[in-house]
Structures are given as structure tokens and as C-alpha cells.
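Listed below are the residues making up each chain.
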Amino acid sequence: MQISFSHSKLFNTRHLSRLTAATLLGGAALAGALSLSAPALAQSDRVELLNVSYDPTREFYREYNELFNQYWQNENGQTVTVRQSHGGSGSQGRSIIDGIDADVATLALAYDIDALHDRANLIPEDWQSRLPNNSSPYTSTIVLLVRDGNPKNIQDWDDLARDDVEVITPNPKTSGGARWNLLALWGYGLEKFDGDEEQTYDFVRQVYANVPVLDPAARGATNTFVQRRLGDVFIAWENEAILSVEQLGAGDYEIIVPSLSILAEPPVTLIDNNVDRKGTREVAEAYLDYLYSDEAQHLAAKHYYRPSNPDILAEYSEEFPELELFTIDEVLGGWQEAQQRFFNDGGVFDDILEEINTQ
Amino acid sequence: MTTSTTVIETNDTIAKRWRRATEEPAWLRIVLITLALAFVALFLVLPLSVVLYGAFERGISVWYEAIRDPDAMSAIRLTLLIVAIVVPLNTLFGIAAAWAIAKFEFRGKPILISLIDMPFAISPVVVGLIFVILFGSQGWLGPWLLANDMRIIFAVPGIVIVIAFGTLPFIARELIPLMQQQGKEEEEASLTLGANGWKTFWYVTLPNIKWGLIYGVILCNARAMGEFGAVAVVSGRIRGETNTMPLHIEVLYNEYMFTAAFAVSSLLTGLALVTIAIKSVVEWQEEHRQRLAAV
Amino acid sequence: MGFTLLYMGLVFLIPVGAFLLYATTMSWETFWSAVTQRQVVASYKLSFGGSLMAATINLVFGALLAWVLVRYRFPGKRIVDALVDLPFALPTAVAGIALVTLYASTGWVGQYLDVFGIRVAYTQLGVVVALTYIGLPFVVRTVQPVLEDLEAELEEASASLGADRLTTIRRVIFPALFPALLTGYALAFARALGEYGSVVFISGNLPFRTEITPLLIVAKTEQYDYHGAAAIGTVMLIAAFVMLLIINGLQWWTSRRHG
């Protein structure tokens, strides 16, 4: 860059740069001081954990952290403060990969936790076999939420493909939860058409042709259905569906349990690299183990997750009606395969959407 | 008597012609004002009403509760801290950059201006990605930072940097057209009269660019408070620690606590009041000074 | 000058340089196939088209608003003036929610538009509305200070030389405002191009129809495809830079001609 200096004495920059340096230093010092105060205090009578989780678990973990703190205090006399971070499952997974100090991850799908091993080697490959039930202390399934009185008479997945029905579901490319929705639909199609992939594809395409809006996140889609009053049926996690009915207007909505659905397993894991560096392995392991305790299982049920302990689940048979459930491993060959085939670029979802929207 | 009437009449016609040449006719004024106000109503007043309606729908006490919530308070504190760091830095940068661009001639000026504009054009999502690639533990500087136990992203410094990035152009961009339009004769005169650069800046340049500077600071401030997309990527969303006001609003909205979400948003709209206050003070000072000068 | 470059280097040039460098670590084929997917190309059209429209609307109404605010007196002027900055202060998501509350077919305004068969929410029109909203302050706030600074003497001189109002506006006022107008236009356009938060609420986000490019970047990062995201991000970045360069170059050229 060539600068003409004919006016250089116009302005003496020395003062300004001194002022600048002071401001820069001040800003840096302030920021530095703040970041220093953040790391965990690993004193003997206090311990801090960071649980990086996905959106709908806020209410559950707020109560569970209290419960676990009491338990741990009785056992070890230490106070546990659990810091929480919530967001979309995929972006939370990325935060862990990119270096957030998480001790434990409690995400919406195993694919996002697999990535912690594949992309950053933060956890061992066999992470999912370390805890019971595929490391899922609570499960859920995909159900249908309709408006009061079920005006469109929706009974099962078939009705979603009808021409007069509008379906609300978020975009599976950006919402982890929405991937379960598409897979539930696909699994039902396979069952219905005796494993005929082509017919299943057509069926799923017909359903997506009825989707007027693809919200990027699950709760945004809930709000589209509830507040904008768009659509006749909303495909949702069971816990989310019950929560919407309870929180957003009892009597305004009904839950329709389909004949067949997918077993949604939101898994949990220790972040080995981080807990070893921070020296929090023991308490973090206990934090996850305790999720399987009777108290925690009841708490999960209270927050509309299905307890993984069958005896406790049986106590809530009224809240959680029995239905036929298939797992992603049985029908779709596990998350890696499903992600590759359905949701990555050029996958089934892209094909379906292109077919619908370019005609 | 008669002569004076004629004079007045002539003055009147002159005045009329004068007014015609320097002002718009009344009907046109009304049309323009109406059009502008309709635009304002549609794009500014209505969305604001939605927010305020949502915030106060359930009464002032519910609103107050939402603000007093510890997580909300920590988000407010964090946002104010960030503004206190970012706005002064960007103000200095803005003045220096605008000065260099408006008062000097050099080749590649459009390129420099375009570069300054760039942070606006880069999607907040990409801004977040940029800093993750740079500072993330899989990124280029990440492993080194980790080895030295320093935190940039998922901590306050990261949030400060992305917001400084996103609001970088505001003040410079406000000042450049203004300074270009003013030219540099006044400063040159001041220098010729023996004032030094600093004095010239303080007494000649600064008063001249006052309005642009004020608008720039207001805009920069507003944007620093409201920035969401990029912050969401680098903040880590730790409750009570790295959640800024916009992130906290999202949390509340996602928890179906709509009233609380709008309540915190309504605080951000309170910024408009700050704008009124600043402009009023400056205008008042100006009048004050003019009155002194008149005496 | 030194500070300008240093600060810009630290906060802007180094990070962006690193980003571009990162984009070059992928092979040309990967890059090219990432940025030319049909879905991505369709989103460019919406993002660029929508941003241009929104910036144009803002140019016209922003200039009008600035003029009215500086030159005329009317009740409530101060309040209107203060409201102008709101689109920046409100987090984009809140703006999106507020706009969709208004313009959905069940919304405050939408229900009346619906009578005339006009649909805003979940259409391309909705995208333009959101982009207009978030870019609104730019033109107003760049034109306003120049207009306030414009000396009345110049116009009076023009008038006393016998020019009528229209000529004065064309020959005196417009050239003075031109750099500011272009700046505001460029900024509103640039900002609209990258906007994500507010648009996703009011747009239907349907691929090939109402999907904007930033959303695709997010979708890429969700599948841990940082390279794909960086590739599309680079295209947006370069395209925006070229547009800004054209506008700024034009402005520089005219200001030389007039200056």
C-alpha cells in the first residue's frame, strides 16, 4: 500500500497509540482475569463438574444435580457443583470436540458421541458398552402430537401420508431429534411393505411432501405447531410431547401412540481425556452410575423419560403406554450407517427433499 | 403607508419564492412523513410491540422476577462487561481507520474499505467457525493454548473477540463518508495556525465528526449487545458463566418460558432510551455552547 | 495508521486468513463439488436475490427516513429516531420470532394480508422481510450524520442563484449524500447476505425454495463437515467481497469526479 505522507504532520498519532495500548492492555487484563476465575476448584471439600447436554434435558438435570450432590455429600463429604451447558445435540458434540472442558456428555444420539472418539479421540471406541443399556439410563420414543379432539383423525403413521394432513417436524440435517423421526417413519414403512425399500421411500416422501416448514431445531418446531398453530400433527419425542401438553396447554393437545416406533436412546458418557486431566474421574463416574439408581430412575420418569430399569418403568405404565419398539441397530444397522445413508449430503433425505421441491 | 405595504408584499413574494427554492411544499412534506412513518410502524413499532406485549403480558412482577433470576443477572453482567471492552476498542479503531481513509490518498483504498466492511458480510455462523478453526482444540492454536492452560473459546475472551470482530466496521463506516464529505481544509487551517495534531483533532476534527461518532458508537453498542450467531458457537453455553443476554433469551425460549424470554429482550430494547438520552445531552450541550457564543 | 492495521490484523485479517488457508487444505474437487451442489446453488439465488431486494428497499426507505428525521419536525420524532437502532439491539432470534408472530397467517398483520392472498411467513417474501428488518439501521444511520452536517448555506446559495428545489436536490444535496447512500446500501446488503438467526424463524427453510445459504453452512457443520462448511463460507466471503469492492470502487470513483 502506498501512502502519501504529505499530510502526515496533520495528526500526531503518538497520543492515540498510547491511549490505545492502555485500552488494549486493560481489555486483555480484564478478559484474562475472568478466564482465570473460571477453571474448576479442585479442593478437597468441593468439586465441580461440567455436564454438556442437549436441549430438552434442562429440567431433568437441574433436579438430578441436586439429588446427586446430596448423595455424594453423604458418601464423601464433598460438595458437587454441576455446571450445565445445553444446546442442539450436534453443536454440543462439536463444542466438546473443539475443547470445552466437559466431564460428562449426555447427548441425544450415539452418533454425536461416536464423533468424540472418531474426530478427537477423547473417549475409547467401546464407550457405549461401559454402562448398562447401551449407556442410556433413560429412553424415549417417537409419538404423534395432534390438536384437541384429533380433528383429522390421525391414528398411525399411515395417516401422515394423506393429502389433507400437514405434518410438522424439524430438519434432520440440523436437529438430532428429527433424525429419530425420519428413522421411525422409515422403520414403520419397512414393516408395512415387508422390507420393500422402494415403497418405503415413496411412503416417507409422501409424508415429507406434507411438511410446510422445516425448523432447524426441535423446540422451534414445537413452537411452530403450538404458537403459530401450523400443521395438524407434530412428530415428537415422547418426553417432549408430554411436556408440551403439560406446559403449553393441557386440553389443547392429544398424544397419539403409533402402533410401532423407534426406541430412542439418548446416551451418556465420561469424557476420559478431560476427567483425567482435571482429576475428576471418580466423581464423574459416580455421576453417571447414579443415573441408574432407583431415585434417579424415578426422577427421569417424572420428567417424562422412560426409565431403563424395567421394574420402575412398570410402575409408570399409565404414563408410558406399551408399544412395539425397534432399535436402530436392528433395523438400520446402527447410527454410523444410518447417518451415512439417510442424512449426509446426497443421502435419502436430500433425495426426497429435492424430488418434492423441484417438481 | 402605501410604499411600506408594497415593500412588505415584495418581501413576501421574495420570501415565498425563497421558501419554494429551499424547502418542499407542505403537501409533499406530509406525504414523505407519512410514508416514512408507515415504514417505521411496519418494521419497527410492530415488532417492538410484540416484544413488549410478550414481556408485560403477565404483569410487571413476573417481568421483574425474570430479570432478577440469577442466570439472567449473570447474563446481563457478562453482556455489559463485553460491551465495556469492545466498544472503546472499536471506537479507537474506527476513528483511526476513518482518518487514514478519508484524509489520505493512497492506492487500494477501495480494497481497504471493502476489507473493513467484510465482518458484516461474513455470516455469524462462519465467524464462529473461523475462531473454532483457529482456537479450538482441534484447531491451529488450540493444542498450544491447552498446553499452557489458556482458554480463549468457551470462555469470556473468545466471546469478546467474536463480538469485536462482528462490530469492527461500525464506527469506521459511520465516519468515512462524513470525513470525506468534510474534506481536510479545516484541519489544514488549524495546523497552519500552529495547533498541534492532537489539538487539531480535539478541537477541529472531533466536533465535526461528532454525529457520525455518536451514531457509530450507538450502533456498535447495539450490535455488541445483540450478537447471537457467532457467540453461540464459541461460548459453550455454560449456564451462569458464558451465556450472554441473547443466549440466555434463547435458553428461556427453549424452556417455553416465553414471558421471561421477552422480558430479557425488553431490556435490550431499553437501549433505545439510551439513544434518546445521549442525543439529548449532546444537543443540549450544543445549544448551551451556542448561547454562550451569542453572549 | 499503524494501530488501524495492527488491530485489524489481530481481530480480522489473521482469523480470516487462517480460515481461507483452511479452505485451501481441501482438494479442488472436494471444494468444487461442495459449492456446486444443486441445493447449494439454489440457496445462493435466494440469499443474493433476497439480500439485494432487502438492501434496495432499505436504500429507498432509509434515505426517506433519514431525510424526514433531519429536516422535518413532527410529533414523536425523537421516539422514531431512537427506534431506528432496535434491529441491531434485538438478538436476531427475537427479531425472527417477533416477525413471524406478526406475519404468520394467524398473526397480527398476517391475518389481514391472508385475506388478499398474500403470504409472508414461510415464503421467500418472508426472507426479504427479515433481511429488510435486520439491515434497516444502516442506510438511515449513514445518511443521517452527513445530512445533519450539510450546511444550509450551500442550498441557500443554490437557491439564490436561481435554482429551483428539484435542481438543488439533484445538484447539491444528492451528490453530497451519494457516498453515504452507497455505503449504507453496501452494508445493508452485506449484512443481509450473512444473516441466519432471524431468517430461519420466518422462512420455511425448504431446500430449493426457501433455504438460505447460511443455513446450509450450519447443516454442514452439524454433520461435522467443517471443510464443506468452510468451502461454502469461502464462496460467500469472496462473493461479498467482490460486491463490496464494486460498490466502494464506484463510490471512490464518483467522489474523485465530484471532489
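For clarity, every value in this text was computed on a predicted model and none was experimentally measured.

1. Quick look at the overall build of chain B
Link 1 in the chain: Looking only at helices and strands, one finds 15 helices and 0 strands in chain B.
Link 2 in the chain: Relative to its length of 295 residues, chain B is extended, with a C-alpha radius of gyration of 25 Å against a globular reference of 19 Å.
Link 3 in the chain: The C-alpha extent of chain B, read off along each of the three principal axes, is 90 × 55 × 35 Å.
Link 4 in the chain: Counted over contacts in chain B with a minimum sequence separation of 6, partners at least 24 positions apart contribute 70%.
Link 5 in the chain: Of the roughly 12,200 Å² of accessible surface on chain B, a fraction of 66% belongs to carbon and sulfur atoms.
Link 6 in the chain: Placing the 22 positive and 23 negative side-chain charges of chain B at their respective mean positions leaves the two points 4 Å apart.

2. What to know about the overall build of chain A
Link 1 in the chain: Helices and strands together make up the secondary structure of chain A, namely 16 helices and 11 strands.
Link 2 in the chain: Taken across its 359 residues, chain A has 61% of its residues classed as buried.
Link 3 in the chain: A separation threshold of at least 6 residues defines the contact pool for chain A, and within that pool the share at least 24 residues apart is 75%.
Link 4 in the chain: Split by element, the accessible area of chain A, about 14,200 Å² in all, is 46% carbon and sulfur.

3. Notes on the pairing of strand β2 (residues 79–87) of chain A
Link 1 in the chain: Judged by how many residues are buried, β2(A) sits mostly within the fold: 7 of 9 residues are covered.
Link 2 in the chain: Handedness of the crossover is the feature at issue here: the chain leaves strand β1 (residues 46–54) of chain A, passes through helix α2 (residues 58–76) of chain A, returns alongside β2(A), and the resulting connection is right-handed.

4. A few points about the domain arrangement of chain B
Residues and elements named next belong to chain B.
Link 1 in the chain: With domains assigned, chain B is organised as domain 1 (1–56) and domain 2 (60–294).
Link 2 in the chain: Centre-to-centre separation of domain 1 and domain 2, based on C-alpha positions: 34 Å.
Link 3 in the chain: Contacts between the two partners involve 6 residues from domain 1, matched on the other side by 8 residues from domain 2.
Link 4 in the chain: Counting the surface lost from both domain 1 and domain 2, the interface buries some 580 Å², and carbon and sulfur atoms represent 82% of this.
Link 5 in the chain: Considering only the side of domain 1, the residues that lose the most area to domain 2 are V51, A55 and F56, jointly responsible for 67% of the buried surface there.
Link 6 in the chain: Taken together, the connections running from domain 1 to domain 2 amount to 0 salt bridges.
Link 7 in the chain: Our enumeration of links across domain 1 and domain 2 arrives at 0 residue pairs in polar contact (both at pLDDT 80 or more).

5. Things to note about a nonpolar patch on the surface
Link 1 in the chain: A surface patch of nonpolar side chains, amounting to about 420 Å² of accessible area, comprises C:V115, C:F116, C:I118 and C:L125.
Link 2 in the chain: On the secondary structure map, C:V115 appears in helix α7 (residues 110–115).

6. Description of the domain arrangement of chain A
All names here are of chain A.
Link 1 in the chain: Along its sequence, chain A is carved into domain 1 (46–136 + 266–292) and domain 2 (141–263 + 322–357).
Link 2 in the chain: Once you take the C-alpha centre of each, domain 1 and domain 2 turn out to be 28 Å apart.
Link 3 in the chain: With 12 residues of domain 1 at the contact, the number on the domain 2 side is 12 residues.
Link 4 in the chain: Summed over both sides, the interface of domain 1 with domain 2 buries roughly 990 Å², with 57% coming from carbon and sulfur.
Link 5 in the chain: Three residues, P56, L109 and Y111, lead the burial of domain 1 against domain 2; their summed loss comes to 51% of the area buried on that side.
Link 6 in the chain: Run the count over domain 1 and domain 2 and you get 0 salt bridges.
Link 7 in the chain: Ranked by residue count, the leading element in the side of domain 1 that touches domain 2 is helix α4 (residues 110–120), at 5 residues.
Link 8 in the chain: Of the residues belonging to the side of domain 1 that touches domain 2, the class tally is 7 nonpolar, 1 polar and 4 charged.

7. Considering the pattern of salt bridges
Link 1 in the chain: Applying the stated rule across the entire model yields 39 salt bridges over all chains.
Link 2 in the chain: A:R83 serves as the salt-bridge partner of B:E241, at 2.6 Å between the closest nitrogen and oxygen. Linking B:E241 in the loop between α12 (229–235) and α13 (245–254) with A:R83 in strand β2, this pair reaches from one chain into another.
Link 3 in the chain: For B:E241, a relative accessible area of 27% corresponds to the partly exposed category.
Link 4 in the chain: Here B:R173 makes a salt bridge to B:D117, at a shortest N to O gap of 2.5 Å. Taken together, the residues span a long stretch of sequence, with B:R173 in helix α9 (residues 169–182) and B:D117 in helix α5 (residues 109–121) at a distance of 56 residues. The same class applies to B:R173 and to B:D117, which are both buried.
Link 5 in the chain: The network of salt bridges with shared partners includes A:D55, A:R58, A:R62, B:D71, B:R239 and B:E255.

8. Quick look at the environment of B:G216
Link 1 in the chain: Mapped onto the elements of the fold, B:G216 is located in helix α11 (residues 197–226).
Link 2 in the chain: Accessibility expressed as a relative area gives 0% for B:G216, which makes it buried.

9. Things to note about the packing of helix α6 (residues 176–192) of chain A against helix α15 (residues 335–343) of chain A
Residues and elements named next belong to chain A.
Link 1 in the chain: For the pair α6 and α15, the least separation of the axes is 12 Å and the interaxial angle reads 90°. When the interaxial angle is binned, α6 and α15 end up roughly perpendicular. Where α6 approaches α15, its residues R179, W180, L182, L183 and W186 are matched on the opposing element by W335, A338, Q339, R341, F342 and F343.
Link 2 in the chain: Looking at the contact of α6 with α15 residue by residue, the classes come out as 8 nonpolar, 1 polar and 2 charged.

10. What to know about a negative patch on the surface
Link 1 in the chain: On the surface, A:E191, A:D194, A:D196, A:E198 and A:E324 cluster together into a negatively charged patch.
Link 2 in the chain: Here A:E191 lies in helix α6.

11. With respect to α4(A)
All names here are of chain A.
Link 1 in the chain: Judged by how many residues are buried, α4 sits mostly within the fold: 9 of 11 residues are covered.
Link 2 in the chain: Within the span of α4, buried status applies to A110, Y111, D112, I113, D114, A115, L116, H117 and A120.
Link 3 in the chain: Where α4 is buried, its residues meet α3 (89–97), β3 (104–106), α6, β9 (268–270) and α15.
Link 4 in the chain: At the C-terminal side of α4, N121 shows a positive phi close to 50°.

12. A closer look at the interface of chain C and chain B
Link 1 in the chain: On the chain B side, the residues contacting the 95 residues of chain C number 93 residues.
Link 2 in the chain: On inspection of chain C and its partner chain B, the count reaches 1 salt bridge.
Link 3 in the chain: The interface formed by chain C and chain B holds 10 residue pairs in polar contact (both at pLDDT 80 or more) in total.
Link 4 in the chain: Counted by class, the side of chain C that touches chain B contains 69 nonpolar, 16 polar and 10 charged residues.

13. Examining the side chain of A:N274
All names here are of chain A.
Link 1 in the chain: With respect to the helices and strands, the residue N274 is situated in helix α10 (residues 272–278).
Link 2 in the chain: Under the relative-accessibility criterion, N274 is labelled buried at 5%.
Link 3 in the chain: Setting aside residues no more than four positions away along its own chain, N274 makes contact with I100, D101 and A102.

14. With respect to the sheet that holds β1(A)
Strand pairing in a sheet takes place through backbone hydrogen bonds and is either antiparallel or parallel in direction.
Residue and element names in this part refer to chain A.
Link 1 in the chain: Spatially, 4 strands are ordered β2-β1-β3-β9 in an open sheet, and the strand pairing comes out mixed. Edge positions in the open sheet fall to β2 and β9, since each of these has one partner strand only. Neighbouring strand axes in the sheet, compared pairwise and without regard to direction, differ in orientation by 20° on average.
Link 2 in the chain: As judged from the 3 bridges shared by β1 and β3, these two strands associate in the parallel manner. The partner of S53 across the bridge, within β3, is T106.

What counts, and where the lines are drawn
Residues numbered from 1 in each chain as written. Chains lettered and ligands numbered in written order. Predicted model: local features only at pLDDT ≥ 70, side-chain atom pairs only at ≥ 80, totals over all residues. Heavy atoms only, no water. Helix = DSSP H or I, 4+ residues; strand = E, 2+ residues; numbered from the N terminus. Rg over C-alpha atoms; globule rule 2.2 N^0.38 Å. Contact = heavy atoms within 4.5 Å. Areas by Shrake-Rupley, 256 points an atom, 1.4 Å probe, with all protein chains shown as cover. Lys, Arg positive; Asp, Glu negative; His and termini not counted. Charge placed at Lys NZ, Arg CZ, Asp CG, Glu CD. Buried < 20%, exposed > 50% of the residue type's maximum accessible area, 1.4 Å probe, protein only. Right-handed = clockwise from strand over helix to strand, strands pointing away. Domains from an automatic or database assignment. Buried area = accessible area lost by both parts, 1.4 Å probe. Salt bridge = Lys/Arg side-chain N within 4 Å of Asp/Glu carboxyl O. Polar contact = N/O pair within 3.5 Å; in protein donor to acceptor, adjacent residues only side chain to side chain. Patch = residues over 30% accessible without salt bridge, like charges linked within 9 Å, V, L, I, M, F, W, Y side chains within 5 Å. Nonpolar A, V, L, I, M, F, W, Y, C, P; charged D, E, K, R; others polar. Axes fitted to C-alpha atoms, helices over the stretch in contact; angles between N-to-C directions. Parallel < 35°, antiparallel > 145°, perpendicular 65-115°, else oblique. Pairing = 2+ DSSP bridges.

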